[in-house]
Amino acid sequence: MSDLVLSQPAPLAISRGNSKTGLRIVQTVCIFIIALVMISPLFMLLIASLKDDRFRILADMGSFRAFWVNDPTLSNYREIANFSGELAYGRYLFNSLVILVVTVVSGLIINSMAGFVLAWGSLRGKAILLALVVALYVIPQESIIMPLVVMMSRAGLTDTFAVQILPWVASPLYVFLFYQFFAQLPKELYEAAEMDGASIFRIYRSIYMPLSLPALATVSILMGIESWNQYLWPTLVTQTDYARPIAVAIATFFGQDSIYWDRAMAASVLMMIPVLILYLAFQRWFVSSFVGSAVKG
Amino acid sequence: MTAQLGNRLLRTLLATAALLGAAGMAEAKTVVHVMHQGDPGWVKAYGDVAKRFEEANPDIDVEMIYAPHDAYNEKFSAAVMAKQLPDVMELDAPFLANYVWSGYLQPIKPLVDQDLLDDMTSSNISQGTYPIDKDLYAIGLTDSSVVLYGNKKYLEAIGARIPKSVDDAWTREEFEGYLEKLSKLEGVKWPIDTFRGYGIKTEWITYAYGPLLESAGCDLIDRKTWTASGTLDSEACVKALTMMQTWVKNGWVVPTSSGTNQFYAEGQPAALAMGGHWFYAEAAAAMKDDIVVMPLPKIGERGVSPNGTWIWGISATSENPEAAGKYLSFLLKDKEYREYAKTQSAYPGLKSFAAESPLYAEGGPLAVAFEQASKTAVARPPHPAYPTITSAFMQAVDKIFNGGDAQEALTAAAKKIDQDIEDNAGYPPFDEQH
């Protein structure tokens, strides 16, 4: 009887162990399937970009042949990697990079300054201002786009880099994100620096900014992706090759009667690379910032 | 030393003044702004024409403004709002009435060469004509049509009759009979691809399905009274769309989710394809001699086919209409532009271009498509409410194809169209045409 009692926990432990292993297998399989679903369109894009027959690409879509290439070629990339001419995708990529870098760098400075003043500045009606900033966030970009086109056109900015940067540098979302981040940092930091005679700009630049890497990373990625994926706005305000970004340029492959899948795929792969690098470079801080804000609520 | 510096400064100032003067003279050149859409091939073709035009006309500069095909209307609206309409612009033919009514275009007869006007096919004239003043507001090198493509081996397997001209197009009974036979044929997954995959964001449904309905005695709107209620929701329209809904319900039509390549994809799962003239190039490349081109079937008493494509107009606000007309004439006559258009199996809108296009000439593979232009082509309703007409109709067809009640969907669409016309006080003087 006692043997029986003593031996009872063992099968239970085994069954718990088995169920844990089983659960892990199920989890792994599920993660693998989800990863496959997420990655397969990107893989298909890459494979299609290595095929040089647009009709073949279309014919292969919908079958497993979309994930396989018999004679890989870089001809699509060679055709579009120009800095002048009708397929100046190198130029368009460069244009997009310029717009992205200037938008993100100036956006980080302006939004963080605004967020800092709202958090710690001695500004009258701060609460109302903050409420207004949040209220602005709910207005969709599309609803103000036409008046904005008219404004920019009257300012003589049509078909410039500036017109693609200026309207989107200050954003209620990023001001609020910075505000929230700065407001969570200890008040003592501000008070100690103030007692030492530091100006508000010095406190912002030398104390709060170095502590804000996660917020900076988050805003950089969000702003970068937003700037990179802009399509409607640059379509409306660009006219020539001069400042045309790659997102608009890719649309040229989708014509009235025909779609150049081969070159469109290669251009899409090129378009993905910088934003992927941006994400990989900042993703550690990006994730930690999101986790942090979730915990702190 | 001071004098030297002074001289240098004076020289610099003089040089700057001279440069500014030269710049001013350069600015004095006439600039023609041209807004267009198109894939990289067309963009290059237009760019090359502009260069040749500038060489031939040193006093005129051409500035090309590109707008992606799918965002052309948005770009156009932005240009209207910013009061920056280009001198020359490409426009989709069915939108012409709306643009003319809104005052965006001016008549082009006095501006383009007479020999070009004389060279236009009747279908090309109809796509560029405003119905109120019967004046011509746009011209194009090309036009368009939709035909029925067939897989020869499947059609032979069911013993189908292959029409050789528009006059012996399949009747509804024949067409539905063949669809049924094809649905039972081994290797055929879908008897027909009607290109539902193009979705409802393009013009496809109105452009391609409209003629089938018109052939059945239906129309999108009454073209005399300009009211949709009583026409679009009439018994003829309900019956015609219920017929098409039955094809979908029977599993005869390639679904939206299967894309636009099932006619020639591996295994050739679709036996027929109701496709545009442009589809020929891609289908023939994959199918070689297995492809046959037939006229659209006659669903009712008469055959009807679509027409209309992207054509060129001159804006009413153009400061240089003569220069714009000169450019347009140059473009349409440009040999290299025509050569490029031929490589794209472009559908001729000018008689001289038709004569140069073996694809559409008698005995050519797309001869039937060109024959449709003179025998069965019907333009989409030339009315300023067209943007609402097409949007309401496409949504109704989408609902019906997804199992909705045809009468209900068409009545809702008709009401929406009439409401738009009423909201715009009948788009005078269209309301006086009754």
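Quantities reported herein were computed from a predicted structural model and do not represent experimental measurements.

## Some details on the interface of chain B and chain A
- Chain B puts 34 residues into the contact, and the matching count from chain A is 33 residues.
- Taken over both partners, the interface formed by chain B and chain A buries close to 2,900 Å², and the fraction arising from carbon and sulfur atoms is 57%.
- Per-residue buried area on chain B facing chain A is highest for B:Pro40, B:Tyr66 and B:Lys75; these three make up 19% of the total on that side.
- Between chain B and chain A we count 1 salt bridge in total.
- Across the pair A:Arg65 and B:Glu266 runs a salt bridge whose closest N-O atoms are separated by 3.9 Å.

## Some details on the pattern of salt bridges
All names here are of chain A.
- On inspection of all chains with the given rule, the structure shows 25 salt bridges over all chains.
- Taking the shortest distance from any N to any O, the salt bridge between arginine 263 and glutamate 79 comes out at 2.9 Å. With arginine 263 in helix α15 (residues 261–296) and glutamate 79 in helix α4 (residues 75–80), the pair connects residues that are 184 residues apart, well separated along the chain.
- On the accessibility criterion, arginine 263 (17% relative accessible area) is buried.

## A closer look at the environment of A:Pro140
- Checked against the element boundaries, A:Pro140 lands in the loop between α6 (126–137) and α7 (141–154).
- Counting along the chain gives 55 residues from A:Pro140 to A:Met195, while the straight-line C-alpha distance between them is 43 Å.

## Here we look at the domain arrangement of chain A
All names here are of chain A.
- You can read the domains of chain A as domain 1 (2–75) and domain 2 (81–296).
- For domain 1 versus domain 2, the separation of C-alpha centres amounts to 35 Å.
- With 11 residues of domain 1 at the interface, the matching set in domain 2 holds 10 residues.
- Interface area for domain 1 against domain 2, summed over the two sides, is near 910 Å², with a carbon-plus-sulfur share of 79%.

## Considering a nonpolar patch on the surface
All names here are of chain A.
- Judged by side-chain polarity, Val101, Val105, Ile109, Ile110, Met113, Val117, Leu123, Ile128, Leu129, Leu132, Ile200 and Phe201 come together as a nonpolar surface patch covering roughly 990 Å² of accessible area.
- For the nonpolar patch, the elements supplying multiple residues, two or more each, are α5 (89–120), α6 and α11 (200–208).
- By residue number, the principal contributor to the nonpolar patch is α5, which donates 6 residues.
- Residue placement: phenylalanine 201 occurs in helix α11.
- A relative accessible area of 44% places phenylalanine 201 in the partly exposed class.

Rules used throughout
Residues numbered from 1 in each chain as written. Chains lettered and ligands numbered in written order. Predicted model: local features only at pLDDT ≥ 70, side-chain atom pairs only at ≥ 80, totals over all residues. Heavy atoms only, no water. Contact = heavy atoms within 4.5 Å. Buried area = accessible area lost by both parts, 1.4 Å probe. Salt bridge = Lys/Arg side-chain N within 4 Å of Asp/Glu carboxyl O. Helix = DSSP H or I, 4+ residues; strand = E, 2+ residues; numbered from the N terminus. Buried < 20%, exposed > 50% of the residue type's maximum accessible area, 1.4 Å probe, protein only. Domains from an automatic or database assignment. Patch = residues over 30% accessible without salt bridge, like charges linked within 9 Å, V, L, I, M, F, W, Y side chains within 5 Å. Areas by Shrake-Rupley, 256 points an atom, 1.4 Å probe, with all protein chains shown as cover.

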